[in-house]
Amino acid sequence: MVPPPPVCPHCGEPLPDDVLVCPSCHQPVDLPAVIDPAAAPAEAGGGAPEPGPAGAPDATSAGSARPRPAPKSPGRKSGTAPANPFAAELARRLTRVAQWAEGAAPLGVDIPRLPAWAEEAARSSWNPEPWAEAVRGIERIAQKRIVAGFEEWQRRTKARLTRLEAYAVDSRLERDQIEDTLHAARTGDIAQALSTFQQVDRVVSLKERHLDQAREELERVVALLRDMQALSIDPPQDPTSVEDDLESELRAGKLAPLKQQIRALRLQAVNRLKAGLPRYIADYGDYLLDERTHGIATELEAEELARGAREFFRGHPEEGLRRLRLLQQTHGLPPGRASRGPHVH
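What this report covers is the structure whose coordinates are included nearby. Just so it is clear, the model here is predicted, and its values are computed rather than measured. Per-chain numbering applies: the sequence of each chain, read as written, is numbered from 1 onward. For this predicted model, a pLDDT threshold of at least 70 governs which residues receive local features, and a threshold of 80 or more governs which side-chain atom pairs are given and counted, while totals over whole chains, interfaces and linings are taken from all residues. Based on all heavy atoms of the structure, the side-chain values leave hydrogens and waters out of the count.

## So, the nonpolar core
As a rule of thumb, nonpolar side chains are buried together in soluble globular proteins.
Turning to step 1, where the next piece is worked out: With 68 residues, the main nonpolar core has Ile146, Phe150, Leu277, Tyr280 and Leu321 as its most contacted residues.
Turning to step 2, where the next piece is worked out: Secondary structure follows DSSP: runs of H or I at least 4 residues long count as helices, runs of E at least 2 residues long count as strands, and numbering of each begins at the N terminus. Counting residues per element, this core draws most heavily on helix H5 (residues 190-230), which supplies 14 residues.
Turning to step 3, where the next piece is worked out: In this structure, Leu321 is in contact with Leu224, Asp227, Met228, Leu231, Leu273, Leu277 and Phe312, ignoring residues within four places of it in sequence. Buried residues of nine kinds, namely Ala, Val, Leu, Ile, Met, Phe, Trp, Tyr and Cys, make up a nonpolar core once their side-chain atoms join them within 4.5 Å. For each residue, the accessible area found with a 1.4 Å probe, counting protein chains only, is set against the maximum for its type, and the residue is called buried under 20%, exposed over 50%, and partly exposed in between. Here a residue-residue contact requires only that any non-hydrogen atoms of the pair lie within 4.5 Å.

## A closer look at H5
Turning to step 1, where the next piece is worked out: Here, expected helix span is obtained from the residue count minus one, scaled by 1.5 Å. Spanning 41 residues, H5 covers 58 Å between terminal C-alpha atoms, matching the ideal 60 Å at 1.5 Å per step.
Turning to step 2, where the next piece is worked out: Two residues or fewer after H5 comes Ser232, characterised by a positive phi angle close to 65°.

## Some thoughts on the pattern of salt bridges
Two side chains bearing opposite charge may form a pair once their charged atoms approach each other closely.
Turning to step 1, where the next piece is worked out: One speaks of a salt bridge when a side-chain nitrogen belonging to Lys or Arg is within 4 Å of a carboxyl oxygen belonging to Asp or Glu. One pass over the full model with this rule turns up 30 salt bridges.
Turning to step 2, where the next piece is worked out: A salt bridge links Glu89 to Arg93, with the shortest nitrogen-to-oxygen separation between them at 3.9 Å. One end of the pair, Glu89, and the other, Arg93, are both in helix H1 (residues 86-104), 4 residues apart, so they sit about a helical turn from each other.
Turning to step 3, where the next piece is worked out: Residue Arg160 is joined to Asp201 by a salt bridge in which the shortest nitrogen-to-oxygen separation is 3.2 Å. In this pair, Arg160 is assigned in helix H3 (residues 129-166) and Asp201 in helix H5, connecting sequence segments 41 residues apart.
Turning to step 4, where the next piece is worked out: Look at Arg160 and you get partly exposed, because its relative accessible area is 22%.
Turning to step 5, where the next piece is worked out: One connected set of salt bridges, linked through shared partners, spans Glu303, Glu304, Arg307, Glu319, Arg322 and Arg323.

## Notes on the environment of Glu304
Turning to step 1, where the next piece is worked out: Note on placement: Glu304 falls in helix H8 (residues 299-313).
Turning to step 2, where the next piece is worked out: C-alpha separation for the pair Glu304 and Leu324, spaced 20 residues apart in sequence, amounts to 7.5 Å.
Turning to step 3, where the next piece is worked out: In contact with Glu304, other than residues within four places in its own chain, are Arg323 and Leu327.
Turning to step 4, where the next piece is worked out: Here a polar contact is taken to be a pair of N or O atoms separated by no more than 3.5 Å, where protein atoms must pair a possible hydrogen donor with a possible acceptor and residues adjacent in sequence count only if both atoms sit in side chains. Polar side-chain contacts of Glu304 include one of 3.1 Å to the side chain of Arg307.

## Describing the side chain of Glu139
Turning to step 1, where the next piece is worked out: Mapped onto the elements of the fold, Glu139 is located in helix H3.
Turning to step 2, where the next piece is worked out: The class for Glu139 is buried, based on a relative accessible area of 11%.
Turning to step 3, where the next piece is worked out: Among the polar contacts listed, one links the side chain of Glu139 to the side chain of Arg93, at a separation of 3.1 Å.
Turning to step 4, where the next piece is worked out: Polar side-chain contacts of Glu139 include one of 2.6 Å to the side chain of Arg96.
Turning to step 5, where the next piece is worked out: The contacts of Glu139, once residues within four sequence positions are left out, are Arg93, Arg96, Val97 and Trp100.

## As for the packing of aromatic side chains
Turning to step 1, where the next piece is worked out: Pairing of aromatic side chains requires ring centres within 6.5 Å, counting the rings of Phe and Tyr and the six-membered ring of Trp. Pairs whose planes differ by under 30 degrees are stacked, by over 60 edge-to-face, and all others tilted. A complete count under the given rule lists 6 aromatic pairs for this structure.
Turning to step 2, where the next piece is worked out: Summarising the aromatic geometry, the rings of Trp153 and Phe197 are spaced 5.1 Å apart at their centres and angled 90° between planes, so their arrangement reads as edge-to-face. One end of the pair, Trp153, is in helix H3; the other, Phe197, is in helix H5, with 44 residues separating them in the sequence. Grouping residues by exposure puts Trp153 and Phe197 together as buried.
Turning to step 3, where the next piece is worked out: Centre to centre, the rings of Phe312 and Phe313 are 5.1 Å apart; their planes meet at 85°, and the pair counts as edge-to-face.
Turning to step 4, where the next piece is worked out: Since its relative accessible area comes to 52%, Phe313 is described here as exposed.
Turning to step 5, where the next piece is worked out: Through a chain of ring-to-ring contacts, three or more aromatic side chains come together here, namely Phe150, Trp153 and Phe197.

By themselves, these are just geometric observations and shouldn't be taken as functional.
This is the structure in structure tokens:
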């Protein structure tokens, strides 16, 4: 008769041969402690114990000799778990994979992780080699995914560098570091690859931010000059020629001189507006009042005129002129100003 298979000491489910973790409850299985129904003592079925050899003392009789203790498993102390030299190595390698996952998160890479129950099983296993192979497999998958993530990052970053180079921003060092990152990742030095990647991404983002700020300031000052022109207030310089000159400076990568020119030009424009805008606002207010006396509702336009004036005198000339120009586009200029053309009072 074939003996029944061993069962899990935790949940009682049958166990396959040579398993380290119960597939039903996911608890580690101590193989010598597995409950084997075939090895159950005869007392459990109500039968009498088999007699010992003739002449041997009876363990149940009075005065009998003390029974011998069960032999202990070699290499382990009673009541303590076996020492597992793999536990420290396992912790170190799992920590490293966790660091890879954190560093590769900006790449959009998903790194596989060992479940918590499997980590515990690996730490307490008598045979750590299968778990070591599982961790090696996770490391191989992680490296493959990180390399793929770096290849996509390389494509995107080179496009960003091409844009910077169009504005004379030097990016030779970043291009070399991108190649270093890919080489380190492909040769297994993931920590070095992630460190270089973070440095390159930070520097490229900083250069882009400086360039974008310079372009935004350029566009704002040109828009300010155009709004002045539209409101019949002479700008300090022609907006079209100014835009061409500033764009040339930007394309040449001369960001510091460009910002100085923009600040000086904006100061000149604000000074002219301080002289000419109050008269414009007064003229436009008279225009709206005249329309109101002829039965035209102008309450909304008057509120917008007041908002534009308030923004300017609060130190936001671009926002103030933007509102006034929108009002002019939707409601028109006062007849006298429209015929006089650009001027300064």
